[in-house]
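Report on the structure
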Amino acid sequence: MTPVLQFEQISKVYRPWMGRPVTALRDFSLTVEPGEIFGFLGPNGAGKTTAIHLAMGFMRPSSGHGSLLGKPFGDATTRRRVGFLAENVALYHRPAASLVQFYGALNGLRGADLRRQAAAALDVVQLSGEAKRNVGKFSRGMAQRVGLAQAIVNDPDLLVLDEPTSALDPIARVVVRELLLKLRSQGKTVFLSSHLLSEVELVCDRIAIVVKGNLMRLGRTTDLLHGSEQMRIVFRGILPEAVPGSMSVGGHVELLAQRKYLQPAVQQIWSAGGEVLSVNPVQRTLEELFLEVTREADAVSDGGRN
Amino acid sequence: MRGVLLIASNFAREQRWPILLLILGVLALALMGLTVDLQKHQEDALFLFKELSIYGIAFSVFFGGSAINTERRSRRILAVLAKSISRSQYVLGLLAGVALAAGLYCFTLGVTGTWLLGDIGFSRAHLWYLMVCLLSACLLSASVSVLYSTFLNPFLATIATALSLTLPAGTMRFAGAGWQNVLPVHTLMDVILQAMFVGNWKADWVLVGISLAQAALICGLAAWIFTSRDVAVAID
């Protein structure tokens, strides 16, 4: 199956007229498969927006190449099948319905189809009642919803979203989350860049974490969150003092141990007369994984400097 | 083609207030013309008409030179170029937008000129020929400023445009009349500035054709350069 989005050994170096060149992406490779919601994470300055802008053809890679829906980055006709919402969305100041129709028309929609799909897109983001109001008078959250409406107006096969929920209230976030899940159920692909890790954890099938232009983690969300080296041992029958490092939780005692020390830890509990109830890998939150990865990247770059 | 027209109409819509102001300025001056005896002030009226014509060229340079930069700085360009619009279509659309604005200005100036200057003896056919020259000069000036704005900021693009448009006029003095057809905005301006009430006039359609052909060529060059430019600066 042809990947929906593919980066192959892409590097991007910004060369300002004055000052040192900045490498935003370094030999970056990534493949997004059809029908998945892909989370693209990284701290500020990691190169996420650069990667998205390269994919959308807003800029050219310094080296390497990539494809969007099977065509090289920058192919204008391919973008008819893509919906894009930029970070800090900037829109023309005109009535919401007229604006969404304008963007739909740029993608080749016409006449009754254009009007119907624009109205449907505004309906999805729950702005039908504001269709005649000027977008310039909207709050940031409402403008972001109009931005989302213009991204989905052409019923895209691939939706590329750069921080789509940053300005949204909790209710609107739920609307967006449901929209993403609905699109996936229709076989569409979503490429989602976000700092809202809880949102990503809830909806994304796979995630990539990029730090300082390098891809640090890539995999299924569940695998990455279960991939902890820590194990949780739950036992009873002895007091926590009997096993150093353990603590009383509810009616039982818990001990966190590194995977490689699991066997001695269990032996210790048994020797003290305890009964082991369960041994499970500790599931990290995405936030914990994210922090772990960024610290790891910092350590690597500090090591490189020293 | 539809994409080009959409971008052009959107540009004119975004610039509607300055365009309206320019048109109202022309109309206001025309109305003021009703309050004076124009027969007595023929030359003054013609001078004012010529001056307003030159403003048209200046504003075309400003519109053309700032169009891309304004869109990039506001980041509105991203949502447009994320659609199935090529860079060439985008540049062509902006230039068509400037042409639309310049066309409206020339039309207003032509109508008011017909009304005021025509009544005091200026050839109406001559006047509309001058408007065609003006529109051609506006288009050529705008295409040069759009070309520079693909890789320079609006300030530098305007300076570079001014230099490019005046350089052939200066060179012509030393290197001969052949330079009159190189970026012939100065030649077209000369046609407008030399217009008089008395004497015969002759339309030089070759000059208009050369001017439009160069505008098309420069627009193509601008599109080619813009295709290879990064339009987004990463903010993360």
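Residues numbered from 1 in each chain as written. Chains lettered and ligands numbered in written order. Predicted model: local features only at pLDDT ≥ 70, side-chain atom pairs only at ≥ 80, totals over all residues.

1. A few points about the overall build of chain A
Let me state the cut-off plainly: Secondary structure elements are defined from DSSP: runs of H or I of at least 4 residues count as helices, runs of E of at least 2 residues count as strands, and each element is numbered from the N terminus. Neighbour counting defines burial: a residue surrounded by 20 or more other C-beta atoms within 10 Å of its own C-beta is buried, one with 12 or fewer is exposed, and intermediate counts give partly exposed, using backbone-placed C-beta atoms. Any residue pair is listed as a contact if its two C-beta atoms, each placed from the backbone, are within 7 Å.
Check the secondary structure of chain A and you find 9 helices and 14 strands. Taken along its principal axes, the extent of the C-alpha atoms in chain A is 80 × 45 × 40 Å. In chain A, buried positions account for 40% of the 306 residues. Relative to all contacts within chain A whose residues are 6 or more apart in sequence, the contacts with residues 24 or more apart total 68%.

2. Things to note about helix 3 (residues 111-124) of chain A
Residue and element names in this part refer to chain A. The condition is simple: In a helix, the anticipated span is given by 1.5 Å times the number of residues less one.
Helix length check: helix 3 (14 residues) gives 20 Å between terminal C-alpha atoms against 20 Å at 1.5 Å per residue, within 8%. If you follow the buried residues of helix 3, they end up packed against helix 2 (96-106) and helix 4 (140-152). Positioned one or two residues after helix 3, Gln126 has a phi angle of 60 degrees, which is positive.

3. Digging into the confidence of the model for chain A
Using the following cut-off: What pLDDT reports is the predictor's confidence in each residue, on a scale of 0 through 100.
Summary statistics for chain A give a mean pLDDT of 89 and a share of 97% for residues scoring 70 or more. Looking at the elements of chain A, mean pLDDT is at its lowest for helix 9 (residues 286-305) of chain A, recorded as 78, and at its highest for helix 2 of chain A, recorded as 95.

4. Notes on unusual backbone geometry
The residue Leu69(A) is not glycine, and still its phi comes out positive at about 50 degrees. Within the element layout of this structure, Leu69(A) appears in the loop between strand 4 (63-68) and strand 5 (71-72).

5. Let's talk about the interface of chain A and chain B
As a reminder of what qualifies: Residue classes follow a fixed rule: Ala, Val, Leu, Ile, Met, Phe, Trp, Tyr, Cys and Pro count as nonpolar, while Asp, Glu, Lys and Arg count as charged, and any other residue, Gly among them, counts as polar.
The partner chain B presents 23 residues to the 30 residues of chain A that form the contact. Of all elements in the fold, only helix 1 (48-55) and helix 2 of chain A reach the threshold of two or more residues within the side of chain A that touches chain B. Here the residues of the side of chain A that touches chain B sort into 15 nonpolar, 10 polar and 5 charged.

6. Considering the sheet that holds strand 4 of chain A
Residues and elements named next belong to chain A. Condition: Should DSSP find at least two bridges between two strands, the strands are regarded as paired.
If you trace the 4 strands from one edge of the open sheet to the other, you get 2-1-4-5, paired in antiparallel fashion. Edge strands, defined here as strands with exactly one partner in the open sheet, are strand 2 (22-32) and strand 5. Of the pairings in the sheet, the one linking strand 1 (residues 5-14) to strand 4 comprises 5 bridges and is antiparallel in character. Counted as the bridge partner of Ser11 is Ser63 from strand 4.

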